[in-house]
Amino acid sequence: MKNKNPKFSIIVNLKAGSGHAKKIWPIVERELKRRNLAYECFYTKAIGHAQTLAKEIAHKRECDIILVLGGDGTLHEVINGLLFAKQKTPIPVSYIPTGSGNDFAKSYGISNTPIKALDQIINCQNIQNVCIGHYIEKIGGREGFFINNLGIGFDARIVHKTNSSLTKKGLNKLNLGQFSYAMKGFSAFLTQNTFELIIGERHFKKAYISIVNNVPYIGGGMNVSPEMSPFKKGIELFVVEKKSILNLLKILNLFIQGKVDKSPYVHRFKNNKLAIKTKNSQFIHLDGEEFAKTEVNLILDTQTYPFWQIHN
Ligand SMILES: Nc1ncnc2c1ncn2[C@@H]1O[C@H](COP(=O)(O)OP(=O)(O)OP(=O)(O)O)[C@@H](O)[C@H]1O
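Residues numbered from 1 in each chain as written. Predicted model: local features only at pLDDT ≥ 70, side-chain atom pairs only at ≥ 80, totals over all residues. Heavy atoms only, no water.

Asks: With reference to specific residues and values, describe the site of the ligand.
Replies: Residues in close proximity to the ligand total 21 residues, the closest being Gly17, Thr44, Thr74, Glu77 and Glu289. Within the side chain of Ser100, an N or O atom sits 3.1 Å from an oxygen atom of the ligand. Within the backbone of Asn102, an N or O atom sits 3.1 Å from an oxygen atom of the ligand. Starting from 640 Å² of accessible surface for the ligand in isolation, the protein chains cover 83%. The dominant element in the shell around the ligand, judged by the number of residues it contributes, is helix H3 (residues 72-84), at four residues. (Near = heavy atom within 4 Å. Polar contact = N/O pair within 3.5 Å; in protein donor to acceptor, adjacent residues only side chain to side chain. Areas by Shrake-Rupley, 256 points an atom, 1.4 Å probe, with all protein chains shown as cover. Helix = DSSP H or I, 4+ residues; strand = E, 2+ residues; numbered from the N terminus.)

Structure, rendered in structure tokens:
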């Protein structure tokens, strides 16, 4: 960066991590002041606000770096806002993770310790181009971007159940967020049916999980696509078919352990472009945020966005 004392526009979601961000932000702000860094901050007021803020910041072009303080959902919104802003020279993004899952930070190699994450920003010398997933959904006519993953079926049902319950918030306070996912996972297991999935020329009659990954991690650190990296172009789709309950339980066990790549019943499609259709309505999530319960006809590819942060 040419400017030795860059100006930051900071988007802060104090609700991220069920209030964890509220504790972290004063620590970061104190450090910004101590280091005499120039910044302006913007607090998110509701779902979708981070996207609006990011777009406005991109249009005003009054800063050198957009710093995001929040979880994967906040970063997801910011990247969408920035890519839809269609900037000629994109303003780079830096990130201090304060969510409950923080899969993007883990995949990128950003410290969970806020001051260390800030050091990774301050000490950065070069732009890091990050691969971002892009989708066009033809039935509903929607388009957007994902930083981590797009899930259809079982895991999207978990997201739906987790986000629509009060349990996550309570358990996060007790540092039992993962337990909340496990509970919702069990409940989703009891209710999720198989669905028909079409990927290019391949038909899966009894798909159960279908996840497009841009990074290795999902659900707060489960390593399901170990070969993926935010620094490599391309996305990976994996599909789990339900052959029998016993077989599915074995796969889910590998999934939780982050060893699902070891299963011969997982079908993988790695490419820069993918086409996916469902034959009936399914829960869909994007980066852990509920998208819809709908039938989809998706075209997926990737774009890049510049980040300003050293990766470990
Ligand atoms: N002021 C607000 N009030 C309520 N919700 C908000 C507010 N600001 C942002 N949000 C929403 O909070 C949600 C959760 O944010 P985020 O995903 O960043 O945190 P998280 O869920 O704790 O982290 P992770 O996704 O890493 O598990 C997002 O959907 C975001 O739109």
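Asks: Account for the nonpolar core, with residues named and values stated.
Replies: Ile66, Leu75, Ile79 and Val93 are the most contacted members of the largest nonpolar core, which totals 48 residues. The residues touching Ile66, leaving out its near neighbours within four places in the chain, are Ser9, Ile11, Ile57, Val78, Leu82, Ile91, Pro92, Val93 and Ser94. (Core = buried A, V, L, I, M, F, W, Y, C linked by side-chain atoms within 4.5 Å. Buried < 20%, exposed > 50% of the residue type's maximum accessible area, 1.4 Å probe, protein only. Contact = heavy atoms within 4.5 Å.)

Asks: How would you summarise the confidence of the model for the protein if you had to cite specific residues and measurements?
Replies: Across the protein, the average pLDDT comes to 90, with 94% of residues at or above 70. Here residues 171-176 is a poorly scored stretch, pLDDT under 50, and it has eight contacts once near neighbours within four places are set aside; other chains count. (pLDDT = per-residue confidence, 0-100.)

Asks: Would you mind going over the environment of Ala182 in detail, with residue names and values included?
Replies: As for its placement among the helices and strands, Ala182 is situated in helix H8 (residues 177-191). Residues Ala182 and Ile256 lie 74 residues apart in sequence; the distance between their C-alpha atoms is 9.1 Å.

Asks: Explain the pairing of strand S7 (residues 149-153) residue by residue, including any values.
Replies: Of all five residues making up S7, five are buried, and the element is well covered by its neighbours. With five bridges connecting them, S7 and strand S9 (residues 202-213) associate as antiparallel partners. From the neighbouring strand, Asn149 faces S9, where its bridge partner is Asn213. (Pairing = 2+ DSSP bridges.)

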